[in-house]
Amino acid sequence: MQLRPVRRRPVASTLGILFIVLASILFVGTVTASGALGVVDGGVVDGGVADGGVVDVGVVDGKTETDGAASVNGSVVADGQAVEPNVSAGTPSIAATVTRERDGVVRYDLRFDRPAGADRAWLVVRGSARVVDTDGFERVATGNVTRLRWTDGASARAALVVPVNASGDASETATSRDWTFARVPYVEFQWRDGERVHRVRPLAERRDVLPAESGAFGDRYAVVGEYETVTRSTPGGRIDLIVPAGAISEGKAGRVADALARAARDLDVGDADERVLAFAAPGSVRWGGESVPARDEFWVNSRARLDSAEAVWLHEYVHTRQSFVLDPEMAWFREASAEYYAARLSREQGRIDRAAMAGHLDGAPSDATLTDPQSWTSPNVPQRKGGRALAVLDRRIRDRTYGHRSLEDVFRRLNRHDGVVTYAVFEQAVAEVTGERDDAWLDRHVNGSAPVADQYGPDARPLAAGLLASLGGGDTAASPTATAGLLSAVRGEGVAFFSVATGFSVVAALPLYGLLQWVQRREPDLGGLVDGAETP
């Protein structure tokens, strides 16, 4: 019997090929996961926002202010806090009655006692409310602002009405046989004692002034007449949902209140207020909603669905958690954060799936600069590019902190910031949360015009999409929506990832395998028994 020496197969061959295959799969997997459609932990990569988002409007000291934001879904948001009145111990006694008149018109009768020590006093009425009767006041100015001067006497009164479908409010008021939904009139009482001027807004800042038996009154909105209140407790207090009689079913009202209460528990960004007041506005008002962050109050068209990525109810609620004051270069953040977290909360509550969230936030790349409103080609830029920029930033933070921190930590720091939030403050907050600066990415995609594509480079066309297009997936540049639909459809099953990763691995491994075979052929025979086999 003769023992034939057997040549050792190079271990490097096997290990090398395995290394290439694994590295290729990991590389393609990473690019695919961070490409234009990937959603990791709710973070969306690339895209835009489907037609529809939400803008919110607020009123600050009687002036409608916008955050530079947009009008998707039809709402508008006020940036900044309401100016606190200078109220002294001499605050006058104020009484009010509220009645519904013919055609749903709401009348407010106000009575004021002259403040102690006051040598002059005025009543200022803004907006669509009309002064119809006075006693002890004389009109000194009219127009968009009605100014009444106290004439004499220990007390004075004024009556004003809020007509339904008044100019400017036509899409935000509604009436039925039993109730009227409208804005609370903007009324400010001013008086001077010596060199000091004092101001108070009795219908907004004095909850005890408006009679509860007449309706449900917030600082900005009111239902006068029959209504129901659905209350849910929250970690910080409670949420009251005001429903005009018959506006929505009892079941839907309960589901909306439940969704808002869960959002209050899940959204860990600080500024959890003792009471949030939400109005289920009648379906006849304009689509969307409106919120006043400084007052923790909002309304939403009652036809808005809960099982929608648009998530108008959650969008408006997120606004009530925004206590920061934004510099104009950060105006985009108010709508962007509400848009992103509305979709994310809806996903986390199981009301939509990941594909619906991705479809809502994905879209055509935008080269607008978020910090420069002058570069916005559409007022919807904060929702579209801003929303997906925050989605990608959220994922980057989670990746860099191994899931221990997220964009919520940045949001919380901005709420706690003492002063105006500038872009530099935002950059610093991101750095504090992640433990390292991410200025290069932020400067490129937020303070620059680069589209939000993936976190590894400025290209708006991800590798996976390009490879699928070359394999017959179509022209992604010409039809990004079609490609997005294809990738979104197959991503859930992992087919795209497996196909691209396998193809890339084979292409990368074949040349190395040939090289290793050539090295193996040139290897000299080894004498002796090395893993030998016995032959006859």
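What counts, and at which threshold
- Throughout this description, residue numbers start from 1 for each chain and increase along the sequence as written.
- Only residues with pLDDT of 70 or above have their local features reported here, since the model is predicted, and side-chain atom pairs are shown and tallied only from 80 upward, although totals for entire chains, interfaces and linings are computed over all residues.
- Hydrogens are left out, water is left out, and the side-chain values use all remaining heavy atoms of the structure.
- Counting from the N terminus, the helices are DSSP H or I runs at least four residues long and the strands are E runs at least two residues long.
- Here's how the labels work: a residue is buried when its accessible area is under 20% of the maximum for its type, exposed when over 50%, partly exposed in between, all with a 1.4 Å probe on protein chains only.
- Note on contacts: a residue pair qualifies if any of its non-hydrogen atoms lie within 4.5 Å across the two residues.
- The protein chains shown are the only cover counted for residues, whose accessible areas, like all others here, come from Shrake-Rupley with a 1.4 Å probe.
- All axes are obtained by fitting lines to C-alpha atoms, using only the stretch in contact for helices, and the reported angles, taken between N-to-C directions, cover 0 to 180 degrees.
- By the definition adopted for this analysis, an angle is roughly parallel if under 35 degrees, roughly antiparallel if over 145, roughly perpendicular if from 65 to 115, and oblique otherwise.
- Residues are grouped as follows: nonpolar covers Ala, Val, Leu, Ile, Met, Phe, Trp, Tyr, Cys and Pro; charged covers Asp, Glu, Lys and Arg; every other residue, Gly included, is treated as polar.
- The definitions used throughout rest on a 1 Å grid laid over the protein atoms alone, on which a cavity is an enclosed set of points accommodating a 1.4 Å probe that cannot get out and a pocket is an open set flanked by protein within 12 Å on both sides along at least five of seven lines; lining residues are those having an atom within 4 Å of a point.
- Grid points are joined across faces, edges and corners, and a volume is the space filled by probe spheres set on the points.
- Rotating anticlockwise by less than a right angle from the far helix to the near helix defines a left-handed crossing, while the corresponding clockwise rotation defines a right-handed one.
- Strands are labelled as partners when DSSP assigns at least two bridges between them.
- Here the expected span of a helix is defined as 1.5 Å times the quantity of residues minus one.
- The pLDDT score gives, residue by residue, the confidence of the prediction method on a 0 to 100 scale.
- Within this document, salt bridges are pairs made up of a side-chain nitrogen of Lys or Arg and a carboxyl oxygen of Asp or Glu, the two lying within 4 Å of each other.
- As used here, the term nonpolar core means buried Ala, Val, Leu, Ile, Met, Phe, Trp, Tyr and Cys residues forming a set that is joined through side-chain atoms within 4.5 Å.
- Counted as a polar contact is a pair of N or O atoms within 3.5 Å, where, for protein atoms, one must be capable of donating a hydrogen and the other of accepting one, and residues adjacent in sequence contribute only when both atoms are in side chains.

This paragraph deals with the overall build of the protein chain. Scanning the protein chain for helices and strands turns up 13 helices and 26 strands. Considering the protein chain as a whole, with its 536 residues, one finds that 51% of them fall into the buried category. Contacts spanning at least 24 positions in sequence make up 65% of the contacts within the protein chain whose residues lie at least 6 apart. If you sum the accessible surface of the protein chain, you get close to 23,500 Å²; carbon and sulfur atoms cover 51% of it.

Take the packing of helix H5 (residues 332–348) against helix H6 (residues 354–361) next. Contact geometry of H5 with H6 gives a least axis separation of 9 Å together with a crossing angle of 170°. Judged on the interaxial angle alone, H6 and H5 are roughly antiparallel. Across the interface between the two elements, Glu339, Tyr340, Ala343, Arg344 and Arg347 of H5 pack against Arg354, Met357, His360 and Leu361 of H6. Residues belonging to the contact of H5 with H6 are distributed by class as follows: four nonpolar, one polar and four charged.

Turning to empty space enclosed by the protein, a few remarks are in order. Going through the model one piece at a time under the given rule, you end up with two cavities of 30 Å³ or more. Taken as a whole, the largest cavity holds about 70 Å³ of empty space. Lining the largest cavity are Thr234, Pro235, Gly236, Arg238, Ile239, Ala264, Ala272, Asp273, Val276, Tyr317 and Arg321. Considering only residue class, the lining of the largest cavity consists of six nonpolar, two polar and three charged.

Okay, the packing of helix H3 (residues 250–266) against helix H4 (residues 312–319) next. Remark: H3 packs on H4, axes separated minimally by 10 Å, with the N-to-C direction vectors making an angle of 40°. Accordingly, the angle class assigned to the pair H3 and H4 is oblique. Here H3 and H4 pass one another in a crossing that is right-handed. Across the interface between the two elements, Val256, Ala259, Leu260, Ala263 and Ala264 from H3 touch Trp313, Leu314 and Tyr317 from H4. Tallied by class, the residues present in the contact of H3 with H4 amount to eight nonpolar, no polar and no charged.

The strand order S6-S7-S12-S9 describes an open sheet built from four strands, whose pairing is antiparallel. On the outer flanks of this sheet lie strand S6 (94–100) and strand S9 (130–135), each paired with one strand and no other. If you compare each strand with its neighbour and ignore which way they point, the axes differ by 15° on average. Judged from the eight bridges that link them, strand S7 (residues 106–113) and strand S12 (residues 155–162) form a sheet pairing that is antiparallel. Within S12, the residue paired with Arg107 across the bridge is Val161.

Turning next to helix H9 (residues 423–434). Between its first and last C-alpha, H9 extends 17 Å over 12 residues, near the 16 Å set by a 1.5 Å rise per residue. Counted residue by residue, H9 has nine buried out of 12 residues, so it is predominantly covered. When H9 is considered as a whole, its buried residues turn out to be Tyr423, Val425, Phe426, Glu427, Ala429, Val430, Ala431, Val433 and Thr434. Contacts from the buried residues of H9 go to H5, helix H7 (381–400), helix H8 (407–416), strand S25 (420–421) and helix H10 (439–445). Immediately beyond the C-terminal end of H9, within one or two residues, lies Gly435, with a positive phi of roughly 85°.

For the protein chain, per-residue confidence averages 76 on the pLDDT scale, and residues scoring 70 or more make up 66% of the total. Here residues 1–9 is a poorly scored stretch, pLDDT under 50, and it has 24 contacts once near neighbours within four places are set aside; other chains count. Here residues 27–89 is a poorly scored stretch, pLDDT under 50, and it has 248 contacts once near neighbours within four places are set aside; other chains count.

Here the structure, examined in full by the defined rule, presents 27 salt bridges. Across the pair Glu188 and Arg199 runs a salt bridge, and its minimum N-O distance is 3.9 Å. Separated by 11 residues along the polypeptide, Glu188 in strand S15 (residues 186–193) and Arg199 in strand S16 (residues 196–200) bring together distant segments of the chain. Judged by its relative accessible area of 37%, Arg199 falls in the partly exposed class. A salt bridge links Arg305 to Asp307, with the shortest nitrogen-to-oxygen separation between them at 2.7 Å. You can call Asp307 partly exposed: its relative accessible area is 42%.

Leu241, Trp313, Trp332 and Phe426 are the most contacted members of the largest nonpolar core, which totals 68 residues. In this structure, Leu110, Ala118, Val162 and Ala222 belong to the second largest nonpolar core, which totals 32 residues.

What follows covers the side chain of Glu172. As for its placement among the helices and strands, Glu172 is situated in the loop between S12 and strand S13 (174–175). Glu172 gets classed as buried once you look at its relative accessible area, which sits at 11%. Within the local environment of Glu172, its side chain forms a polar contact with the side chain of Arg183, the two groups lying 3.3 Å apart. Among the polar contacts made by the side chain of Glu172, one reaches the side chain of Arg286 at a distance of 3.3 Å. Once residues within four sequence positions are removed from consideration, Glu172 is found in contact with Phe181, Ala182, Arg183, Val285, Arg286, Glu290 and Trp299.

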